[in-house]
Amino acid sequence: MNEKDAPVEAIDTPEAIELAAIEFESPGRFAVHNPQSVTPDAAQWEPAPFILGQHQDLERFSQPQEARAHVLALIQQAQRSLCLYSDDLEPWLYHHSSVQQACTRFLLSSPRARLRILLRDPTRAVKEGHRLLSLSRRLSSNLHIRKLNPDHASEELAYLIADDRGLLLRPELDQQSGYTLYNDPARVRQRQAQFDQAWDTSITDPDLRSFLL
């Protein structure tokens, strides 16, 4: 599904009638220049100053540093579950020591903490190397990575779900803009259901399997 605007999502619950439309205006298209392989990080990222489960406002972002701050804030505050729906594990957004360290702390915080990653194409991450792939080899019982089933329809967008409250969504894969919600259980619930459905039909890519062994 092409979400050029942030969606007004239909949910079969009483909350659906209370959801207001979210208008999203794209700042325009521009090329995404991703880093090559594993390179030293210039500096640690700082998380956005919003509290998961408390901050009510929708936060739009259009710059990569803003997206990174929201990603880090969600990962650092998640307590039970992280679900990442991604095209290729976007290196500009997730291939950084700050994200790796935050995910490590999250996964070690509880035996029940779980990070699931669904990729459209893991080829680049396997070929060039990625910090989250490396982490999955060390913490394979809590971090699971699978490939979207090409025989099933998939959405041309990317998002991160944190617990049952937080959602970061980028409606266009070739743009670095989107929005973040820190306390919207209704929209998170529907997005989680869509993720779980895609996960249930997902597959293990041979290249990914060989990397993780």
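Looking up the protein chain in an unreviewed UniProt entry gives the name DUF7931 domain-containing protein, with the organism given as Ectopseudomonas guguanensis.

J.: Any chance you could explain the sheet that holds strand β6 (residues 166-170) here in plain terms?
T.: One key point about sheets: their strands pair by backbone hydrogen bonds, in either a parallel or an antiparallel sense. Strand order across the open sheet formed by seven strands is β1-β7-β6-β5-β2-β3-β4, with mixed pairing between neighbours. Only two strands of the sheet have a single neighbouring strand rather than two, namely β1 (59-61) and β4 (143-147). Taking the axes of each pair of neighbouring strands and ignoring which way they run, one obtains an average angle of 10° across the sheet. Here strand β5 (residues 158-162) pairs with β6 via five bridges, running antiparallel. Paired with tyrosine 159 across the strands is leucine 169, a residue of β6. Contacts from helix α1 (residues 64-77) reach β1, β2 (81-86), β5, β6 and β7 (178-181) within the one sheet, and its direction differs from that of β6 by about 150°. Those strands touched by helix α3 (residues 97-108) are β2, β3 (114-119) and β4, and its axis lies near 130° from that of β3.

J.: What am I meant to see in the environment of isoleucine 51 here?
T.: Locating isoleucine 51 in the fold gives a position in the segment before β1. For the pair isoleucine 51 and glycine 166, spaced 115 residues apart in the sequence, the C-alpha separation amounts to 9.6 Å.

J.: Help me understand helix α6 (residues 185-200), please; the structure alone is not making it clear to me.
T.: Side chains three or four residues apart in an α-helix point the same way, a direct result of the helix having 3.6 residues per turn. Taking 1.5 Å of rise per residue, 16 residues should cover 22 Å, and α6 covers 22 Å from first to last C-alpha, within 8% of that figure. Buried within α6 are the following residues: Ala186, Arg187, Val188, Gln190, Arg191, Gln192, Phe195, Ala198 and Trp199. Where α6 is buried, its residues contact β2, β3, β4, β5, β6 and β7.

J.: Would you mind going over the packing of aromatic side chains with me for this structure?
T.: Describing an aromatic ring pair means giving the distance of the ring centres and the angle of the ring planes. Across all of its chains, the model carries three aromatic pairs by this definition. Between phenylalanine 50 and tyrosine 182 the ring centres are 5.4 Å apart and the planes differ by 55°, which places this aromatic pair in the tilted class. Of the two residues, phenylalanine 50 is situated in the segment before β1 and tyrosine 182 in the loop between β7 and α6; the sequence distance between them amounts to 132 residues. Judged on exposure class, the residue phenylalanine 50 and its partner tyrosine 182 are both buried. Look at phenylalanine 195 and tryptophan 199: their rings are 6.0 Å apart centre to centre, the planes differ by 20°, and that puts the pair in the stacked class. In this pair, phenylalanine 195 and tryptophan 199 are both assigned in helix α6, four residues apart and thus about one turn of the helix distant. Directly above the ring of tryptophan 199 sits arginine 116, whose terminal nitrogen or CZ lies 5.3 Å from the centroid.

J.: Sorry if this is basic, but what is going on with the packing of α3 against helix α5 (residues 131-138) here?
T.: In helix packing, the relevant descriptors are the interaxial angle and the interaxial distance, both defined with respect to the helix axes. At a minimum axis separation of 10 Å, α3 and α5 run at an interaxial angle of 25°. Classified by the interaxial angle, the pair formed by α3 and α5 is roughly parallel. Considering only the axes of α3 and α5, their crossing is right-handed. Side by side, α3 and α5 meet where Ser97, Val99, Gln100, Cys103, Thr104 and Leu107 of the first sit next to Arg131, Leu132, Leu135 and Arg138 of the second. When its residues are assigned to classes, the contact of α3 with α5 shows five nonpolar, three polar and two charged.

Rules behind the numbers
Residues numbered from 1 in each chain as written. Predicted model: local features only at pLDDT ≥ 70, side-chain atom pairs only at ≥ 80, totals over all residues. Heavy atoms only, no water. Pairing = 2+ DSSP bridges. Helix = DSSP H or I, 4+ residues; strand = E, 2+ residues; numbered from the N terminus. Axes fitted to C-alpha atoms, helices over the stretch in contact; angles between N-to-C directions. Contact = heavy atoms within 4.5 Å. Expected span 1.5 Å × (residues − 1). Buried < 20%, exposed > 50% of the residue type's maximum accessible area, 1.4 Å probe, protein only. Phe/Tyr/Trp six-rings, centres within 6.5 Å; stacked < 30°, edge-to-face > 60°. Lys NZ or Arg CZ within 6 Å of the ring centre and 35° of its normal. Parallel < 35°, antiparallel > 145°, perpendicular 65-115°, else oblique. Left-handed = near helix turned anticlockwise from the far one by under 90°. Nonpolar A, V, L, I, M, F, W, Y, C, P; charged D, E, K, R; others polar.

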